[in-house]
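Commentary on secondary and tertiary structure
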Amino acid sequence: MTARVGWPDVAKGVCIILVVLWHVVTKHAIQLEGAGVVTEGWATLNAQLLPLRMPLFFLISGMFAASAVNAPAGESWRRRAGRLAGVYVIWVIIQTFVLALTPDFDTARAENVWQLLAQLTISPTNLWYLLALAVYLLIARLVRHVPTGVALPVAFVIAAIAAAGLLPDLGNLWQLVQNLFFFLAGLRLRPIIERFAAASGALRTLMLGGAYVAAVGAVGVLGMRQWPGIWPLSAIVAVAFGVAACALLDRHAEMIARPLRWIGQRTLPIYVIHMIPLALIDGALRGLGWVATPAVEVVWPIVLTAVVITICLATHAGLMRIGLGSLFDPLLIVDRVAAARMAG
């Protein structure tokens, strides 16, 4: 049996931590009374990670979607897409009810049936990654016979259009559109990516890191974020750095890589749950009149990110223990019904 390559799990672990950190900073820390320059620094740092965070996540997802997309019968991709879409619907509905308890928390929430319907379709919520993956699987299946030399340039142009702000402002729809390129790149270029990761050493990683810093710096200073093609080009540099850095960590920093791999194998429950404990903690601290001090601002985003992830994993373990695993895989119910019919 071939040993599981570790760096993709490291990358997924890094990405999910950065997702939670992003929400901790932008939806909580900057809203606290007393938040100042230090928190603004956290927000700026997180903004520079935008070209890395979700594009790398989608690249890894695409790398492991080939068997489902290319299966002759097509059942595999339909099950995977259906599972993702089902989890999205379930947790959007759960969030809608729970976030009603925290009206001051700064995130989108449906306040009526029409808004909920929009969030389930054309105006994705903070859970948009799941809906995007379901859509990407469908698109990848439809274009599976289109040459890579055609599919990727077209996806790049679509990403450039979305990043230029030319799409209607419908929640996270623009993010869903612009990240298709990275999913298809992972799907179509997996052997190249794996060779790149295997050949990446410290020098290459440092050079790519320098290029990434220079790119985001130039984009920020010159205000180039929405120039056509700039965002996907910056994200390609960021993703190349992310792949090289994660491969390097996986090979040479086991103490760091091991917990990242462990988290990277548990991204789904963290992703779907994390906004709920964050909102409840935010509401509790607001109710206590908590004021951030500069010393607290330095460490609080890191501490709260760790706390939220721990709560998510504990909640997931508890839900699985009491038989609610279908919240994370709704097809379990379908399979049980089908098995019961066959048994009957």
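First, a word on what this report is: a plain description of the structure on this page. Chains are numbered independently. Their residues run from 1 in the order of the written sequence. Residue-level local features of this predicted model are given only where pLDDT is at least 70; pairs of side-chain atoms are given and counted only at 80 or more, and the full residue set underlies all totals for whole chains, interfaces and linings. The basis for the side-chain values is all heavy atoms of the structure; hydrogens and waters are excluded.

**Some remarks on the pattern of salt bridges**
Heads up, the condition is: Salt bridges are counted wherever a side-chain nitrogen of Lys or Arg sits within 4 Å of a carboxyl oxygen of Asp or Glu. Counting from the N terminus, the helices are the DSSP runs of H or I reaching at least four residues and the strands are the DSSP runs of E reaching at least two.
All chains considered together, the criterion is met by six salt bridges. Among the salt bridges present, the one from D329 reaches R83, with a minimum N-O distance of 2.7 Å. Of this pair, D329 sits in the loop between α17 (294–321) and α18 (331–343) while R83 sits in helix α5 (residues 75–99), placing them 246 residues apart in sequence. Among the ionic contacts, a cluster of salt bridges with common partners joins D250, E254, R258 and R261.

**Things to note about empty space enclosed by the protein**
Here is the rule: Think of a 1 Å grid over just the protein atoms. A cavity is a set of points where a 1.4 Å probe fits yet cannot get out, a pocket is an open set with protein on both sides within 12 Å along at least five of seven lines, and lining residues have an atom within 4 Å of a point. Grid points are joined across faces, edges and corners, and a volume is the space filled by probe spheres set on the points. For this classification, the nonpolar set comprises Ala, Val, Leu, Ile, Met, Phe, Trp, Tyr, Cys and Pro, the charged set comprises Asp, Glu, Lys and Arg, and every other residue, Gly included, is treated as polar.
Tallied over the entire structure, the rule returns two cavities of 30 Å³ or more. The calculated volume of the largest cavity comes to roughly 40 Å³. Taken together, A29, L32, A35, T39, A292, V296, E297, W300 and P301 form the lining of the largest cavity. For the lining of the largest cavity, the leading source of residues is α17, giving four residues. Split into classes, the residues belonging to the lining of the largest cavity amount to seven nonpolar, one polar and one charged. Residues that form the lining of the second largest cavity fall into these classes: three nonpolar, four polar and one charged.

**Quick look at the packing of helix α1 (residues 7–27) against helix α13 (residues 230–252)**
To keep it simple, the criterion reads: Note on definitions: angles span 0 to 180 degrees between N-to-C directions of axes, and those axes are lines fitted to C-alpha atoms, for helices only across the stretch in contact. Crossings are assigned a handedness: left-handed for a near helix turned anticlockwise from the far helix by less than a right angle, right-handed for a clockwise turn. Between two residues, a contact is recorded if the distance between any of their heavy atoms is within 4.5 Å.
At a minimum axis separation of 8 Å, α1 and α13 run at an interaxial angle of 115°. For the pair α1 and α13, the sense of crossing is right-handed. In this structure, α1 contributes W7, V10, A11 and V14 to the contact, and α13 contributes V243, C246, A247, L249 and D250. When grouped by side-chain class, the residues that make up the contact of α1 with α13 number eight nonpolar, no polar and one charged.

**Comments concerning a nonpolar patch on the surface**
Let me state the cut-off plainly: A residue counts toward a patch only above 30% relative accessible area and without a salt bridge, and it is joined to like-charged neighbours within 9 Å or, for Val, Leu, Ile, Met, Phe, Trp and Tyr, to nonpolar neighbours within 5 Å. All accessible-area figures derive from a Shrake-Rupley calculation using a 1.4 Å probe, and residue coverage is judged against the displayed protein chains alone. Note on exposure labels: buried denotes an accessible area under 20% of the residue type's maximum, exposed denotes more than 50%, and partly exposed covers the range between, all computed with a 1.4 Å probe on protein chains only.
A surface patch of nonpolar side chains, about 340 Å² in accessible area, is lined by V298, V299, V303, V307 and I311. Assignment of secondary structure puts V303 in helix α17. V303 gets classed as partly exposed once you look at its relative accessible area, which sits at 38%.

**As for the side chain of R53**
Which entries qualify depends on this criterion: None of His or the chain ends enter the tally, which takes Lys and Arg as positive and Asp and Glu as negative. Polar contact is the term for a pair of N or O atoms within 3.5 Å; when the atoms are in protein, one must be able to donate a hydrogen and the other to accept it, and sequence-neighboring residues count only if both atoms are side-chain atoms.
Structurally, R53 is set in helix α3 (residues 50–63). In this structure, R53 is buried with no salt-bridge partner, the nearest side chain bearing the opposite charge being D106 at 14 Å. Among the polar contacts listed, one links the side chain of R53 to the backbone oxygen of N46, at a separation of 3.2 Å.

**Focus: the packing of aromatic side chains**
Quick reminder of the rule: Here a pair means two rings of Phe, Tyr or Trp (six-membered ring of Trp) with centres within 6.5 Å. Their orientation is stacked below 30 degrees between planes, edge-to-face above 60, and tilted elsewhere.
Scanning the model with the defined rule gives eleven aromatic pairs in all. Measuring from centroid to centroid gives 5.5 Å for Y129 and Y271, while their planes differ by 65°, and the two rings are edge-to-face. Here Y129, found in helix α7 (residues 128–142), pairs with Y271, found in helix α15 (residues 267–273); they are 142 residues apart in sequence, far enough to count as distant. Across the pair, exposure class does not vary: Y129 and Y271 are buried alike. Seen in terms of ring centroids, F182 and W231 are 6.0 Å apart; in terms of plane orientation they differ by 90°. Their pairing is edge-to-face. A residue pair is termed long-range when its members are at least 10 positions apart, and F182 in helix α10 (residues 180–188) and W231 in helix α13 qualify at 49 residues. Grouped by ring-pair contacts, the aromatic residues F57, F58, W128, Y129, Y136, F183 and Y271 constitute a single cluster.

By themselves, these observations are geometric and do not establish any function.
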